[in-house]
Structure formats: C-alpha cells, structure tokens
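Chain and residue survey
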Amino acid sequence: MKTDSSAGQATPFSGRRQSLIEDARRERSIGGGGSAEPSRGVDARVFEEKEGRVTLNVLFNLSNEKNAGFFKTGKIFETFDAKLLHVESRPGRRSKNSTSDLEFFVKCEVNSSDLDVFVNSLKRVVDNVRSIPEEKVPWFPRQIKELDRCNLLITKFDPDIDEDHPGYTDAEYRKRRSFISELSYRYKQGEPLPEVEYTAEETATWREVYKKLRNIYPNLACRQFLDGLQQLERECGYSEERIPQLRDISAFLKEKTGFQLRPVAGLLSARDFLASLAFRVFQCTQYIRHVSAPMHSPEPDCCHELLGHIPMLADKEFAQFSQEIGLASLGASQEDIEKLSTLYWFTVEFGLCKQNGAVKAYGAGLLSSYGELVYALSNEPEYKPFNPEETAVQPYQDQSYQPVYFVSESFEDAKIKLRKYSTTIKRPFVVRYEPITCSVDVLDQPNKIQIALCKTREDLKMLQGALEKLSSSWEHDQTKRLESNYIHSK
C-alpha cells in the first residue's frame, strides 16, 4: 500500500516504509504460528502437557491375526488410567508389507510418567504404533461478522507516534485524523458505512493527486483499471471536485464483483487484512494525507485506496484473484503469511501485466504513485514473469522504487498459478467460500466434503442443461437456415 513522491525522481522513498511483508516477519519473530511438538518416548509426540498429564494422538493397525488386540488395547488404556478423547477406525491401507484390516486413531490423555511404558505396551498387542502431532491452527474468521475481530493495527506510522510523518507537528491534522479514525473504531460489520464531510483543504489535496495521476493513466494503466475508473466517475462521483464516500463505492462494487468496503482506522496486520479479502471485503481508510506532502504518504490513506485499489476491484477476474489470496491465508502459518504478503506486494500492490503487446500497471502502489508508475514502465527496472514460487521469496524494496517487477500474462493466468501455489500451504483442511451466507466452509471432514461435492454436481448439471439447450437451439437455427437456402435456390 505504497503512495508516492515527485515525478522527476526515481530513487527517493515513495510511500509506506513498511509493507505487509515486514509486518508478517515481525509477527513471526514475536512467535506467531506453529505448533508445539516436544517429542517423548519412542514414537510419541506430545502436543499438550498440563498438571502431569499429556495429550497425544496414537495411530495403530490391527491385522487379521490380531483381532483380539483391540480388546487388549482396552485393558492397556484402563491400566494406565488413560482418558479417551476421540476414537476413529477405518479400513487399513494395504501395502506389500501389510495385511492390516483396520486402522485406529485414538486421541488420549495419560500420565506424563507413564508415557513411554504406555506406548511400548501398545506395541506388544497391535501393529505399526505411531503418533502424530496435533496441528494448531491460528484463529481465523468463519463468518463475515467475525471481521469485527480482525482489527489489529500497526501504529508505527501513526502521526501521533511517527516523528517523520508529515503531520506529526500539526496538532490540528492529528486531531482530524483521530476523529475520522474513531468512526472506523466504532464500526460493526453490517452497519451503514460512516460518511465523512471533508474540508476544503482535504479536497484540495485530493484534487492535486487526482489531476496529476489522471493525466498519465491512459498510457500506463491496464484496460481493467481504466474501465473501472470511468465507471466510478459516472456512478460514484469520482472527480477532482470531491472525495467519494465509501458508502457509494461499496454499493457499486457489491453490484459489480461482490466486493464491499469496510472502514479501517489505519494499517492492519497482514493476517487480518488478508483474511478480510477472503470474504470479498476490502478494509479501506477514510482519512487523507497531510497537505504539505500531497504526493507522499507513509501510510495508506484514501488517495491510495480509492485511486489505487478500488478501480481494479470493479473487475471480476481481479476481484477473484484478490479473494484467492485471502482464502489461502486463512489458518496459514506465519511463514506462509509472510510469503502470501510478498505475493500480495508484487501483484495487488506493484503488479504489471501484458496487454496488446505492451506492459501495463495494475498494482495499487503504482497506480497511486506518480513517480513509481512512470519509473516502473520505463526501461530501468528488471521484469520477471509472474511465478508464485519465485515471487513469494523475492526480496522487496520499501525505501525506494522496486528493482524488480513481476509481469503476469493475464489475471486469469495469475489466478490459476496462485491457486496451484495455494495447495502447497500447509493446512490440515481446505476452505471454500459460501457467497450466499458470506461465510467460509472448512472442509476437514468427509461429510463436509461430500456436501460440497453435491453442490458442485448440481452446478454442473445446470451448466450441462444450459449447454444442451444452446446446442438444441443452434441445431434448430441451422436447420431453418438450410431450409431457407433450399427454398431460395428453387
């Protein structure tokens, strides 16, 4: 979420000095994510220990020859005063070295001092005893109303704290900034979006940024951005004369792509911001940068959001691409959040794409930054084809313009590659967005997957029916056309 500097210079820092990536790294260094897996005994992995008792997951097999072993395991659990928390069985996975008929999964609790003996006792009566760690998944919202909890702010660039912020010494600006931010603090999902009555000074700042960027968009911005901006000018009052209201823009986006806006008081943590995208919600600031630096802001502001992000979110393919990143982030480890933040940085913020043989900008950090937009489409930076595996670990630059930009063949191509990359994220489940209820289905059990498959089959039946009707209509038209040609030929 980077905004900009002057047009003629290509090296000074042009906007935010901390990206989502840096925030994700900071969270990881503090200790977010990852499960505790202290290993004890022969194979046992303990994932929780409390008051002398340990909890563990045990897997074992029973072969045809050892059916009685099941009853013997019961005696072992009883002997060691084991508390059964969960038990499952399924057909054994046959292999060349196994004649197992059943495989059992048991989640249990035993005394810490008995752990090694307990595991060894099981090994005497059943086959292939092993344990697996409990995967602890970070909390994430399941329903859109839970976005009220996704409000962790990074305050480093708040004008009340950051001495380098252009508004740090301006008490009136800081007071105004706090007033507008307070509207976001009080907001709850589903309420009418708050409106801000902007001052003449704020509108003048917007006008200067709008005019300067609007003049270079036709030659440098991608087609989807230009289409979206023109629609916003027609339907939402985008112009030099006024700062548009979130309420009007949100209604417009919801009709176009299903996205909606939510007011935010400042720079969100990487995890909370990405989680919002999963629900097609874009967290959007309403305050504006300081009048003394109209082409520069150390934090996201309404110029960056409304000019950089919103026109692209009016495009269906790009909206889907943005949501894919958000869905991939749900329940991900901090390491994966960092990689997804890097992907977001080099696509949604600083992405380029090919159109009609030319390279165009679609990233919001570029499209809200006069200097970097001109620089990115010059001959100076290096271009690389968008490849999520490479992009996710590419070092980024937040003190000057990017030395490297990634170019997508198309949004559809980028979405397919991102979806493939998302399968490498280590989660014990898959998530699926349900647009009717604006909720996320966590597919972590067979019955849930079966329900999702049934819904997909119904959708496929509908599409098949549509194809059959189209084919029938086409054949009918062809027959009529041949009959008409035959009559005329007579």
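Predicted, not measured: the structure shown is a model, and the values here were computed from it.

1. Here's the deal with the pairing of strand S10 (residues 352-355)
Two elements, S10 and strand S11 (residues 358-361), share four bridges in a ladder whose sense is antiparallel. In the sheet register, leucine 352 faces S11, and the bridge partner there is alanine 361. Taking the residues that link successive antiparallel strands as the turn, the S10-S11 hairpin has two residues, and the phi of asparagine 356 there is positive, at about 55 degrees. Of the strand pairs in this sheet, S10 and strand S13 (residues 404-408) are connected by two bridges, and their pairing is parallel. Residue pairing in the sheet places cysteine 353 in a bridge with serine 408 of S13.

2. Focus: the packing of aromatic side chains
In total, this model carries 19 aromatic pairs according to the counting rule given. Here the aromatic rings of phenylalanine 318 and phenylalanine 321 are separated by 6.3 Å at their centres, their planes lie at 35 degrees, and the arrangement is tilted. With phenylalanine 318 and phenylalanine 321 both in helix H11 (residues 316-329), this residue pair falls three residues apart, about one helical turn. Connected via pairs of aromatic rings, a cluster forms that spans Phe318, Phe321, Tyr362 and Phe411.

3. Some remarks on the confidence of the model for the chain
Across the chain, the average pLDDT comes to 84, with 84% of residues at or above 70. Within the model, pLDDT remains below 50 along residues 1-18, and this stretch shows 92 contacts once partners closer than five positions in the same chain are excluded.

4. Looking at the nonpolar core
Ranked by size, the top nonpolar core spans 87 residues in total, and within it Tyr217, Tyr238, Phe282, Leu306 and Ile310 carry the most contacts. Apart from residues no more than four positions distant in its own chain, tyrosine 217 is found in contact with Phe225, Leu226, Leu229, Leu307, Leu367 and Leu373. Counting 20 residues, the second largest nonpolar core, distinct from the first, contains Ala82, Cys108, Phe118 and Val125.

5. Looking at a nonpolar patch on the surface
Together, Leu460, Met462 and Leu463 make up a nonpolar patch on the protein surface, roughly 320 Å² of accessible area in all. Within the secondary structure, methionine 462 sits in helix H17 (residues 446-489).

6. A short note on the packing of H11 against helix H16 (residues 411-422)
Following both chains from N to C, one finds H11 and H16 inclined at 15 degrees, their axes separated by 9 Å at the closest point. Viewed along their axes, H11 and H16 adopt a mutual orientation that is roughly parallel. Classified by chirality, the crossing of H16 by H11 is left-handed. In this structure, H11 uses Glu317, Phe318, Gln320, Phe321, Glu324, Ile325 and Ala328 to contact H16, whose residues at the interface are Phe411, Glu412, Ala414, Lys415, Leu418, Arg419 and Ser422. Counted by class, the contact of H11 with H16 contains seven nonpolar, two polar and five charged residues.

7. Let's talk about the pattern of salt bridges
One pass over the structure, following the stated rule, counts 23 salt bridges. A salt bridge links arginine 207 to glutamate 241; the shortest N-O distance between them is 3.7 Å. Note that arginine 207 is positioned in helix H5 (residues 200-214) and glutamate 241 in the loop between helix H7 (223-235) and helix H8 (246-256), a separation of 34 residues in sequence. Across the pair lysine 354 and glutamate 409 runs a salt bridge whose closest N-O atoms are separated by 3.0 Å. Residue lysine 354 is located in strand S10, and its partner glutamate 409 is located in the loop between S13 and H16; the two are separated by 55 residues in the primary sequence. For glutamate 409, a relative accessible area of 45% translates into the label partly exposed. Through salt bridges that share partners, Arg432, Glu434, Asp441 and Lys455 make up one connected network.

8. Focus: H7
With 13 residues, H7 should cover 18 Å at 1.5 Å per step; its first-to-last C-alpha distance of 18 Å lies within 8% of that length. Among the residues of H7, Gln224, Phe225, Leu226, Gly228, Leu229, Gln231 and Leu232 are the ones counted as buried. Directly after H7, the chain includes glycine 237, whose backbone phi takes a positive value near 75 degrees.

9. Examining helix H3 (residues 115-125)
Those residues of H3 that fall on the buried side of the exposure criterion are Leu115, Phe118, Val119, Ser121, Leu122 and Val125. Down the axis of H3, the buried side of the element spans an arc of 160 degrees, and every buried residue falls inside it.

10. Some words on unusual backbone geometry
Notably, arginine 280 is not glycine yet its phi reads approximately 55 degrees, a positive angle. The residue arginine 280 is located in the loop between helix H9 (270-278) and strand S9 (281-284) in this model. With phi around 55 degrees, asparagine 356 is a residue other than glycine that occupies positive phi space. You can see asparagine 356 is positioned in the loop between S10 and S11. Residue asparagine 356 is classed as exposed on the basis of its relative accessible area of 81%.

Quick notes on the rules
- Residues numbered from 1 in each chain as written.
- Predicted model: local features only at pLDDT ≥ 70, side-chain atom pairs only at ≥ 80, totals over all residues.
- Heavy atoms only, no water.
- Pairing = 2+ DSSP bridges.
- Helix = DSSP H or I, 4+ residues; strand = E, 2+ residues; numbered from the N terminus.
- Phe/Tyr/Trp six-rings, centres within 6.5 Å; stacked < 30°, edge-to-face > 60°.
- pLDDT = per-residue confidence, 0-100.
- Contact = heavy atoms within 4.5 Å.
- Core = buried A, V, L, I, M, F, W, Y, C linked by side-chain atoms within 4.5 Å.
- Buried < 20%, exposed > 50% of the residue type's maximum accessible area, 1.4 Å probe, protein only.
- Patch = residues over 30% accessible without salt bridge, like charges linked within 9 Å, V, L, I, M, F, W, Y side chains within 5 Å.
- Areas by Shrake-Rupley, 256 points an atom, 1.4 Å probe, with all protein chains shown as cover.
- Salt bridge = Lys/Arg side-chain N within 4 Å of Asp/Glu carboxyl O.
- Axes fitted to C-alpha atoms, helices over the stretch in contact; angles between N-to-C directions.
- Parallel < 35°, antiparallel > 145°, perpendicular 65-115°, else oblique.
- Left-handed = near helix turned anticlockwise from the far one by under 90°.
- Nonpolar A, V, L, I, M, F, W, Y, C, P; charged D, E, K, R; others polar.
- Expected span 1.5 Å × (residues − 1).
- Arc of directions from axis to C-beta.

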